[in-house]
Structure formats: structure tokens, C-alpha cells
Amino acid sequence: MLFIFRPIMFFAIWLMIVIGMYIGSIEIKSYPQWIFTFDLKTLIFFIGISMISGASLIKNQIDDLDIDNFNKKIFVLNNSYIKNISSKCYKISIVVGVLLLALTNIYNLIIGILIFLFWDLIYNHEKFGWKKRPLLGPFCNLIVGFLFIISGWIYTHTNESYFFISKSIIKSNFFISIIPYLLSYLSVVLLTDIPDVKGDKKYNKITFVIKYSKLVTVLISLVLVILAFFIGFYLNDPLATTSTICSIPFFIYALIRCQKKDILRAIRYPIFILNFFTLTIYPILFIICGIVFYLSKYYYWHRFELHYPTFLVEND
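This section reports on the structure supplied with the text. No experiment lies behind these values; they were computed from the predicted model shown. What you see as residue numbers is a count from 1 along each chain, following the sequence as written. Confidence filtering applies because this is a predicted model: local features only for residues at pLDDT of at least 70, side-chain atom pairs given and counted only at 80 or more, and all residues used for totals across whole chains, interfaces and linings. Hydrogens and water molecules were not included; the side-chain quantities draw on all heavy atoms of the structure.

**Section: the packing of aromatic side chains**
- Aromatic pairs are defined between Phe, Tyr and Trp rings, using the six-membered ring for Trp, whenever the two ring centres lie within 6.5 Å; interplanar angles under 30 degrees are classed as stacked, those over 60 as edge-to-face, and all others as tilted. The tally for this structure, following the rule as stated, stands at 18 aromatic pairs.
- Consider the rings of Phe229 and Phe230, whose centres lie 5.2 Å apart with planes at 70 degrees: the pair is edge-to-face.
- Burial classes: relative accessible area under 20% of the type maximum marks a residue as buried, over 50% as exposed, and values in between as partly exposed (1.4 Å probe, protein chains only). A relative accessible area of 52% places Phe230 in the exposed class.
- Their ring planes at 70 degrees and their centres at 6.3 Å tell us that Phe276 and Phe286 sit as a pair that is edge-to-face. Residue Phe276 is found in helix H13 (residues 260–278), and its partner Phe286 is found in helix H14 (residues 283–304); the two are separated by ten residues along the sequence.
- Here Phe276 falls in the partly exposed class, since its relative accessible area comes to 39%.
- Within the aromatic cluster, the residues linked to one another by ring pairs are Phe146, Trp153, Phe174 and Phe175. We count a stretch as a helix when DSSP gives it H or I for four or more residues in a row; a strand needs E for two or more, and each element gets its number in order from the N terminus.

**Section: helix H8 (residues 179–191)**
- Compared with an ideal rise of 1.5 Å per residue, which puts 13 residues at 18 Å, H8 spans 19 Å between its outermost C-alpha atoms and is within 8% of the ideal.
- The element H8 is extensively covered by neighbouring structure, given that twelve of its 13 residues are classed as buried.
- Listed in full, the buried residues belonging to H8 are Pro180, Tyr181, Leu182, Leu183, Ser184, Tyr185, Leu186, Ser187, Val188, Val189, Leu190 and Leu191. Helix span, expected: 1.5 Å multiplied by one less than the number of residues in the helix.

**A word on the packing of H8 against H13**
- Between the N-to-C directions of two axes lies an angle of 0 to 180 degrees, each axis being a line fitted to C-alpha atoms and, for a helix, fitted only over the stretch in contact. Between H8 and H13, the least distance of the axes is 9 Å, while the angle of their chain directions is 150 degrees. Classed by the angle they form, the pair H8 and H13 counts as roughly antiparallel. The interaxial crossing formed by H8 with H13 has left-handed handedness. Between H8 and H13, the residues in contact are Tyr181, Val188 and Leu191 and Ile263, Ala266, Ile267, Pro270, Ile271 and Leu274, respectively.
- Note on residue categories: nonpolar means Ala, Val, Leu, Ile, Met, Phe, Trp, Tyr, Cys or Pro, charged means Asp, Glu, Lys or Arg, and polar means any other residue, Gly included. Its residues assigned to classes, the contact of H8 with H13 shows nine nonpolar, no polar and no charged. For classification purposes, an angle smaller than 35 degrees is called roughly parallel, one larger than 145 roughly antiparallel, one from 65 to 115 roughly perpendicular, and anything else oblique. Here is the rule for handedness: rotate from the far helix to the near one, and if that takes an anticlockwise turn smaller than a right angle the crossing is left-handed, while a clockwise turn gives right-handed. Whether two residues touch is decided by their heavy atoms; if any such pair falls within 4.5 Å, the residues are in contact.

Written as C-alpha cells, this is what we have:
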């Protein structure tokens with residue numbers, strides 16, 4: 001049942017959280033490296049955020065069953081029994097996630113609730129349905145990306161207490177320092193809808209790429225990641241500049257050819273690149289991601305005979 005949470009998505013979720021921890025640590029120690037500190041409270045924090053995020057991902061899969069089936073993306077939720085189990089796991093995950101975050105501090109709990117409100121109710125619920133709107137969908141994902149980053153920042157600045165929080169958290173330099181990462185995050189978010197265009201059109205889900213075309217979407221993503229590089233360079237942020245300059249060629253190539261395989265590379269490789277460079281700051285994250293990666297490969301191959309996840313992008 002682990003894979004109904006779409007653990008591959010946590011490569012981006014955990015990454016954004018540790019980016020917030022990294023930015024928060026810069027004020028304590030300039031350009032921190034090789035942080036191996038990992039205690040029970042940190043574990044509870046990450047599991048709590050993961051449970052709430054996982055619940056939202058389950059809800060998204062349940063709501064998009066028809067679209068994913070049409071796009072040949074549905075694998076785990078492929079029968080009524082699994083769907084019933086998923087609905088139960090969705091409810092349990094919310095409760096467990098909230099309780100775990102409540103054990104850390106009040107601020108993490110508030111952030112977790114906000115992630116649930118935006119990524120579950122506002123994004124998925126029919127009353128709001130932001131995922132079906134070309135501008136509000138990416139905007140909602142951007143807000144959630146911001147919440148992931150700020151959760152890491154807050155965790156770094158709570159000083160092991162439940163209510164106290166450092167005054168430095170409200171300084172404007174925090175909001176400036178996260179801009180390169182939010183732009184990089186948004187550049188990938190915009191591309192993720194491109195492989196699903198056929199199913200989205202059939203079921204009247206008007207995403208950004210359907211509204212403004214594939215070419216415009218890739219062009220905007222390229223512009224965003226270039227801006228992220230220059231802003232990171234201006235801020236003298238080595239992690240932001242190194243990861244974005246290594247990612248830019250994939251966006252350029254995707255713009256020139258606009259083929260599905262190029263789009264997939266522009267989605268997968270930048271996430272891996274930023275994770276790879278984050279290794280020098282939080283090595284434990286890299287170990288956990290490696291375990292999830294190979295467990296997922298084992299699961300998808302032995303259940304579906306599918307090589308996934310993979311960095312290899314097959315020809316069309």
C-alpha cells in the first residue's frame with residue numbers, strides 16, 4: 001500500500017523542505033555543508049509532512065482516475081479493492097499527519113494544515129477545482145512549494161521549542177532568497193501537464209499548456225529557470241546557481257524540439273540535479289531518496305513489468 005502515496009513525488013517534496021532548512025541554516029552558518037544531524041523530532045516532522053502530502057496525492061489520483069486511465073498512467077489504483085483501501089488511507093494519513101506535526105511545534109502544524117487546504121481541498125475539490133484552471137493550477141502548486149520551503153525554514157528556526165520562533169523569520173531576505181527555488185519549482189510544474197494533454201482535453205481539464213500551447217509553456221519554463229540562475233547569481237547562492245545552470249540545457253533542448261521525451265528530461269533531470277547538489281548539504285536525504293528510488297523500481301517492475309522510475313527516456 002506504500003505506493004498509493006506516489007513516493008516518487010516525495011523527491012520534489014522533501015527537496016523543497018530541505019531547501020528551506022538550507023536557507024535557514026545560512027544565517028547560522030554560512031553555506032553549511034555535510035549536515036548529518038537527524039533526530040527523532042526531525043523524523044516525526046518529515047513523516048508528518050509526508051503523510052499530509054501523501055493524502056493529497058491519493059485524493060488527486062482518485063479524482064483523476066479517468067484521465068490517468070486514458071493517458072495510460074493508472075497502475076496502482078487499478079481495481080475497486082485498491083480504491084477502497086486508498087480512500088481509507090487518505091483519511092488515516094490526514095489524521096496521522098496532523099497528530100505528528102502537532103508533536104513538533106505549532107508552526108509546523110499550521111503549515112501542514114495549509115498544505116492540506118491548498119493541495120487537497122482547493123486544488124482537487126470540485127467546488128474550487130483549481131487544477132482544472134490554467135493559471136490557478138500552477139499558482140496553487142507554487143503556493144504549496146512555498147509552504148514546503150517555509151516549513152523547512154521554520155523548523156530550523158524554532159530552537160527546539162513549541163511556540164518560540166526567531167524574529168529573523170519575518171525578515172524580507174528570506175522571501176528574496178527563496179525566489180530562485182520557487183522559479184525553478186514553477187518551471188517544472190508547468191511542464192508536468194504536457195504529457196497528459198490528450199486526457200486533459202478529453203475530460204475538459206483546461207491546464208496551462210492547453211490554454212497557451214506547448215511551445216509557450218516550454219518557453220516560459222525556460223525563461224523562469226534562466227531568471228532563477230541570474231537571481232541566484234546575484235544573491236551569491238552557490239546551490240541555486242549551480243543547479244540551474246546545469247538544468248538550463250534540458251529546457252533549451254525541449255524548446256527546440258518540443259518532443260515528449262525532451263519534456264520528460266526537462267522534468268526529471270532538474271529535480272535529480274538539485275537533489276544531487278543538495279547531497280553535499282544533507283547527505284541523509286540522498287540516502288533516503290536512493291532507497292525510495294530502488295524500492296519503487298523493484299515494485300513497478302515486478303508488478304507491472306515497467307521500468308519506473310528511470311532516467312532513461314525512450315524514443316517516441
